[in-house]
Amino acid sequence: AAGKIPPAKVYVIGVGVAGLAAIGTANSMGAQVSATDVRSETAEQAESVGATFVPIPIAQEKSDDGYAKEMSADQADAATKLYTEQAAANDIVITTANIPGRRSPLLITKEAVAAMAPGSVIVDMAAAGGGNCELTQPGEKVVTENGVTIIGYTDLAGRLPGQSSQLYGQNIVNLFKLITPEKDGNYVLDMEDEVVRGITVAKDGENMFPPPPIQVHAAPAAPAKTESVEDAAAHARQKAEEAAANKRKRLLWATVGIVLGLALIAATPKPLIPYYFILMLAIVVGFYVITAVTHSLHTPLMSETNAISGIILVGAILQVGSAKPIVSALSFLAILVASINIFGGFSVTHRMLTMFRGEEK
């Protein structure tokens, strides 16, 4: 509870099916995940599964079917620069830009790999098409001279046979449910359904291949807001005034706190003054310790602080009957705050534990 293991930084290129799955898995394991896609409309999808979307500076023209179009030279240069910067700043890079029947686009250059830290990993899921990384060797795992591991396996699904079979079997079950809506064993081929139409090669002697392209309904872009020069200037002035007002408030409260602290020190007997420095040191150390603890440890940490609050509570009870009004008032305040912390901590811990208990039969 006094520290943590820093989370890995994962960067996913391509917010498709594989990219979203990679984002969700990395996020569930506690990683800091960021993602990029040439289609800006995928930002909401990436953020919905826990990633921070990093857009390409030069927006790409949208296609009618929602898929990415081929980038221009300026767009490709901007994308390459972004990929290089993000690869150097992350521990794991996952590339998913795979185009069936075509050469996979080059995303990570050898210069980008050279700028990555030793121990970094690139998972090239497009290795079967040549790879998104310039140094990818399809079917192999290689380690560069600067210690970067590049995974270019082309049989990733085959390396997890149990899970692959389960997923494939579930897809077959869902397909049977789709083409037998009455659950009577009689299939119904609805050519208006994109899935059924996409897998139908021939029907009633008619060639149905290739299927028509699937129309992907991309999220509509928000209308651009037009703002006049005068409105922009007024908005900037308002922001500046709000910032100045907040600064004045912080300065005022800091002054009040210093004055009260000096008054408290002046009213405290000299033998007790050194304890204030111990208190200040404990507050500073406690602040940095608590903020450095990962969120998943906050509940056991709260249980640990219940013991500390119990010690405070016992000490305050012993001093609450003091003849000095200040000591008595501070003791009462300590009893109140420690009690809130203890009962609140147990309440939160109890609620967290109920999440891991099965339903009683």
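Heads up: these notes are all about the structure in this document. The shown structure was predicted, so the numbers you read here are calculated from the model rather than taken from an experiment. Counting restarts for each chain, with residues numbered from 1 along the sequence as it is written. Given that this is a predicted model, residues contribute local features only at a pLDDT of at least 70 and side-chain atom pairs are listed and counted only at 80 or more, while totals for whole chains, interfaces and linings are drawn from all residues. Neither water nor hydrogens contribute to the side-chain values; these are computed over all heavy atoms in the structure.

### Quick look at the layout of surface pockets
(1) Moving on: In this analysis, the protein atoms alone were mapped onto a 1 Å grid. Cavities are point sets where a 1.4 Å probe fits without being able to get out; pockets are open sets with protein on both sides within 12 Å along at least five of seven lines; lining residues have an atom within 4 Å of a point. Grid points are joined across faces, edges and corners, and a volume is the space filled by probe spheres set on the points. Computed from the structure, the second largest pocket encloses a volume of approximately 1200 Å³.
(2) Moving on: Around the second largest pocket, the lining is made up of 27 residues, and of these L264, Y275, Y276, L279 and L330 lie nearest the centre.
(3) Moving on: Each helix is a run of DSSP H or I of at least 4 residues and each strand a run of E of at least 2, with the numbering of both proceeding from the N terminus. Of all the secondary structure elements, the ones that give two or more residues to the lining of the second largest pocket are helix 7 (229-266), helix 8 (273-292), helix 9 (298-319) and helix 10 (325-354).
(4) Moving on: Looking at which element gives the most residues to the lining of the second largest pocket, the answer is helix 8, with eight residues.
(5) Moving on: Classification convention: Asp, Glu, Lys, Arg as charged; Ala, Val, Leu, Ile, Met, Phe, Trp, Tyr, Cys, Pro as nonpolar; all other residues, Gly among them, as polar. Here the residues of the lining of the second largest pocket are counted per class, giving 21 nonpolar, five polar and one charged.

### Observations regarding the packing of aromatic side chains
(1) Moving on: Note on aromatic contacts: the rings of Phe and Tyr and the six-membered ring of Trp form a pair at centre separations within 6.5 Å, being stacked when their planes are under 30 degrees apart, edge-to-face when over 60 apart, and tilted otherwise. Within this structure, the stated rule accounts for zero aromatic pairs.
(2) Moving on: Whether a charge sits over a ring depends on NZ of Lys or CZ of Arg being within 6 Å of the ring centre and within 35 degrees of the ring normal. Lying across the ring of Y153, R159 places its NZ or CZ 3.5 Å from the centre.

### Notes on the pairing of strand 2 (residues 32-36)
Regular strands show a simple pattern: their side chains alternate between the two faces of the sheet.
(1) Moving on: Type-normalised accessible area, obtained with a 1.4 Å probe on protein chains alone, sets the label of each residue: buried when under 20%, exposed when over 50%, and partly exposed for intermediate values. For strand 2, the buried fraction is high: four of the five residues fall into the buried class.
(2) Moving on: The rule for pairing is simple: two strands pair if DSSP sees at least two bridges between them. Pairing geometry for strand 1 (residues 9-13) and strand 2, over five bridges, is parallel. Within the sheet, the bridge partner assigned to V12 lies in strand 2 and is A35.
(3) Moving on: Orient the strands so they point away from the viewer; a crossover is then right-handed if the path from the first strand over the helix to the second runs clockwise. Considered for its hand, the β-α-β crossover made up of strand 2, helix 2 (residues 43-48) and strand 3 (residues 52-53) is right-handed.

### Concerning the side chain of S34
(1) Moving on: The topology assignment puts S34 in strand 2.
(2) Moving on: The class of S34 is buried, set by a relative accessible area of 10%.
(3) Moving on: Two residues form a contact once any of their heavy atoms are found within 4.5 Å. When residues no more than four places from it in sequence are discounted, the contact partners of S34 are V10, Y11, V12, A51, T52, V54, Q86 and N90.

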